[in-house]
Amino acid sequence: MMEPSTADPQAPSADGAWRMVVLAALGGALEYFDFIAYGIFAPAIAACFFPADDPLALTLALAIFAAGYLARPIGGMISSHYGDRYGRKIVFMVTVATMSGSTLAIGLLPTYATAGIAATIALLVLRILQGLCIGGELPGAITFVVESVRRRPAFACGVVFALVNIGVLLATGLHLLLTLSLGDAALLRFGWRVTFVLGGLLGLASLWLRRRLRETPVFEAVRGDVARRPVRDVLWLQPRSVLLGVALTAPTATFNGLLFGYMPAYLARILHYPAGEIAVAVNVALLVMSAALLGAAWLADRLPPHRLLLLSSVALLLGAPVCFQRLASGTASLVILLPMLALAVAGANGTFAFLLAQLFPPRRRFSGVGLSLNISFTLLSGLGPLAAALLISASGVPAAPGWIVAGAGGVGIVAALLLARTDAWLPNAD
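Analysis parameters
Residues numbered from 1 in each chain as written. Predicted model: local features only at pLDDT ≥ 70, side-chain atom pairs only at ≥ 80, totals over all residues. Heavy atoms only, no water. Helix = DSSP H or I, 4+ residues; strand = E, 2+ residues; numbered from the N terminus. Buried < 20%, exposed > 50% of the residue type's maximum accessible area, 1.4 Å probe, protein only. Contact = heavy atoms within 4.5 Å. Areas by Shrake-Rupley, 256 points an atom, 1.4 Å probe, with all protein chains shown as cover. Expected span 1.5 Å × (residues − 1). Salt bridge = Lys/Arg side-chain N within 4 Å of Asp/Glu carboxyl O. Polar contact = N/O pair within 3.5 Å; in protein donor to acceptor, adjacent residues only side chain to side chain. Axes fitted to C-alpha atoms, helices over the stretch in contact; angles between N-to-C directions. Parallel < 35°, antiparallel > 145°, perpendicular 65-115°, else oblique. Nonpolar A, V, L, I, M, F, W, Y, C, P; charged D, E, K, R; others polar. Phe/Tyr/Trp six-rings, centres within 6.5 Å; stacked < 30°, edge-to-face > 60°. Patch = residues over 30% accessible without salt bridge, like charges linked within 9 Å, V, L, I, M, F, W, Y side chains within 5 Å. Lys, Arg positive; Asp, Glu negative; His and termini not counted. Charge placed at Lys NZ, Arg CZ, Asp CG, Glu CD. pLDDT = per-residue confidence, 0-100. Core = buried A, V, L, I, M, F, W, Y, C linked by side-chain atoms within 4.5 Å.

Caption draft 1: Seen up close, the overall build of the protein chain. In terms of helices and strands, the protein chain carries 20 helices and zero strands. C-alpha extents for the protein chain along the principal axes are approximately 60 × 45 × 40 Å. When the 430 residues of the protein chain are sorted by exposure, 60% land in the buried category. In the protein chain, the share of contacts with a sequence separation of at least 24, taken over all contacts with a separation of at least 6, comes to 87%. Split by element, the accessible area of the protein chain, about 15,900 Å² in all, is 70% carbon and sulfur.

Laid out in structure tokens, this is it:
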């Protein structure tokens, strides 16, 4: 049976709690700025770190993108072990420092033309380090926020992911600015490096701000009774909760992986849309997604959140194939179609983090959230772009990525129906 979470101890004052939410989300926003920049600049990275005449250069660059995601479960297990045993704050400090240093180093790497295969290997190593850090960052932010905010906890989780989207928006906005001001040639030569160097420096600056974070009152209450092996305990005592957590995260993980990590290259290289139009549309979609997920998170404190997850999942199942077919026509209005997709996933984006946190009790919450989130994001966000590229190649159907999104919607429907039959989520008694 699924073990329900217990009631949390009294949270800090409202002002203090929301200040901690912003500080917790700030590092995640900058880390995602760093992490997603790789996917946005995948064509430029492919040109710089693989032989110029290699037709598989973009696919190989996406494989390295996937490698960062494959490192997430390992990083998540390491981070959650220490987060459940010694506190949430220490994980925040270590992950943001390592992530920022890795991102800065990517921006300064020599190219394949200069250093040969050593440059490609160095890129892979740094990408794995990024994945290890991201594996602990978001589970830590979710855990921290749920344990710090007593009123409106679902909305607080929405604020975290809205700010994470702002970090992605900074990356895509910078990509748009560089594309319009430098042109393709300069972007390939040095423009992409600006994003990585800036992201690394901003991340190091956020490390200084995070020094103000305090430990959550929930962890302080259980500090004397922490789990000695929290990851093992979650797998042994709550395997069904982990599987359910993976499933309810599937729509968000799949959609975000394709939108952030694959859509710019897909629209440019496969469907031949203009680079400027792509950049504008992705930025508008991110703004719409951020606003819509905040709206869904606000509703999740007032309505059963699994119903919002169900609504989004049905929309993706039915709508994604149609939208991708329209994209594949080559004549779609990207600035209309991509925001429509972002609206469809809002119910899942705005509720999954809160639902996920309620599956696990405080003594092993970080570990449970970390396992579920990282398994889902590794399989679906990390491998999603590579799977989409391979599916198009194998089927010859440019709209094939829509099948992947629809499949994730089907998984989300199953998760929402299972949640409706359990007490896995705890509605906010405000």
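There is more to say, and it comes next.
Caption draft 2: Representation of helix H3 (residues 57–70) in the model. Compared with the 20 Å implied by 1.5 Å per residue over 14 residues, the 20 Å span of H3 between its first and last C-alpha is a close match. Taken across its 14 residues, H3 has 10 buried, putting it largely inside the fold. Considered for burial, the residues of H3 that qualify are Ala57, Leu58, Ala61, Leu62, Ile64, Phe65, Ala66, Ala67, Gly68 and Tyr69.

Caption draft 3: Summary view of the pattern of salt bridges. A full pass over the atoms with the stated rule returns two salt bridges. A salt bridge links glutamate 147 to arginine 365; the shortest N-O distance between them is 3.2 Å. Of the two residues, glutamate 147 is situated in helix H7 (residues 117–148) and arginine 365 in helix H18 (residues 365–382); the sequence distance between them amounts to 218 residues. Across the salt bridge formed by arginine 232 and aspartate 233, the nearest N and O atoms sit 3.3 Å from each other. Aspartate 233 gets classed as buried once you look at its relative accessible area, which sits at 14%.

Caption draft 4: Representation of the side chain of asparagine 374 within the structure. Take asparagine 374: it is sitting in helix H18. Its relative accessible area of 0% is what places asparagine 374 among the buried residues. Engagement of the side chain of asparagine 374 in a polar contact is seen with the backbone oxygen of glycine 135, the distance being 2.8 Å. Leave out the neighbours within four places in its chain, and asparagine 374 touches Arg72, Pro73, Gly76, Ile134, Gly135 and Pro139.

Caption draft 5: Spatial organisation of the packing of helix H2 (residues 42–49) against H3. Contact geometry of H2 with H3 gives a least axis separation of 8 Å together with a crossing angle of 105°. Of the possible angle classes, the one that applies to H2 and H3 is roughly perpendicular. Along the contact surface, H2 presents Ala42, Pro43 and Ala46, while H3 presents Ala57, Leu58, Ala61 and Leu62. In terms of residue class, the contact of H2 with H3 is built from seven nonpolar, no polar and no charged.

Caption draft 6: Spotlight on the packing of aromatic side chains. Enumeration over the complete set of coordinates arrives at six aromatic pairs. For the pair tryptophan 192 and phenylalanine 196, a centre-to-centre distance of 5.6 Å together with 80° between the ring planes defines the contact as edge-to-face. Remark: phenylalanine 196 and tryptophan 192 occur in helix H8 (residues 153–209); sequence separation between them is four residues, near one turn of the helix. Note on accessibility: tryptophan 192 and phenylalanine 196 belong to one class, buried. An aromatic cluster is present here, built from Phe49, Trp192 and Phe196 joined pairwise through their rings.

Caption draft 7: Region of interest: a positive patch on the surface. Together, Arg19, Arg211, Arg212 and Arg214 give the surface a local cluster of positive charge. Tracing the sequence through the fold places arginine 214 in the loop between H8 and helix H9 (217–222). You can call arginine 214 partly exposed: its relative accessible area is 48%.

Caption draft 8: Geometry of helix H15 (residues 334–344). The set of residues buried in H15 consists of Leu334, Leu337, Leu338, Pro339, Leu341, Ala342 and Ala344. Considering only its buried residues, H15 is in contact with helix H11 (239–261), helix H12 (263–270), helix H13 (275–300), helix H14 (305–328) and helix H16 (346–349).

Caption draft 9: How the structure looks around the confidence of the model for the protein chain. Looking at the protein chain as a whole, the pLDDT averages 82, with 91% of positions reaching at least 70. Between residues 1–12, whose pLDDT stays under 50, and residues either more than four places distant or in other chains, the model counts 37 contacts. Throughout residues 424–430 the model reports pLDDT below 50, and contacts reaching past four residues in sequence, or to other chains, amount to 21 contacts.

Caption draft 10: Inspection of the nonpolar core at higher detail. Among the nonpolar cores identified, the biggest contains 123 residues, and Phe49, Trp192, Leu248, Leu267, Leu327 and Leu338 are the most heavily contacted of them. The residues contacting leucine 248, other than those within four sequence positions of it, are Leu309, Phe352, Leu355, Leu356, Leu359, Ala415 and Leu419.

Caption draft 11: Region of interest: the environment of valine 146. Structurally, valine 146 can be placed in helix H7. Of the residues examined, valine 146 reaches a relative accessible area of 6% and is grouped as buried. The sequence separation of valine 146 and leucine 126 amounts to 20 residues, and the corresponding C-alpha distance is 31 Å.

Caption draft 12: Layout of a nonpolar patch on the surface. Judged by side-chain polarity, Ile74, Met77, Ile78, Tyr82, Tyr86, Ile90 and Val94 come together as a nonpolar surface patch covering roughly 670 Å² of accessible area. At the level of elements, helix H4 (72–86) and helix H5 (88–108) are the ones that each hand at least two residues to the nonpolar patch. When residues of the nonpolar patch are assigned to their parent elements, the largest contribution, five residues, is made by H4. Summarising the element assignment, isoleucine 74 is placed in helix H4. Note on isoleucine 74: relative accessible area 47%, which makes it partly exposed.

Caption draft 13: Geometry of the environment of glycine 183. Inspection of the secondary structure puts glycine 183 in helix H8. You can call glycine 183 partly exposed: its relative accessible area is 24%. C-alpha separation for the pair glycine 183 and proline 305, spaced 122 residues apart in sequence, amounts to 45 Å.

Caption draft 14: Highlighting unusual backbone geometry. Residue histidine 272 is not a glycine yet carries a positive backbone phi of 65°. Take histidine 272: it is sitting in the loop between H12 and H13.

Caption draft 15: Representation of the environment of leucine 337. Positionally, leucine 337 belongs in helix H15. Classification of leucine 337 by relative accessible area gives buried; the value is 10%. A sequence separation of 44 residues divides leucine 337 from leucine 293, and the C-alpha atoms of the two residues are 17 Å apart. For leucine 337, the residues in contact, after removing those within four places along its chain, are Cys323, Arg326, Leu327 and Ala332.

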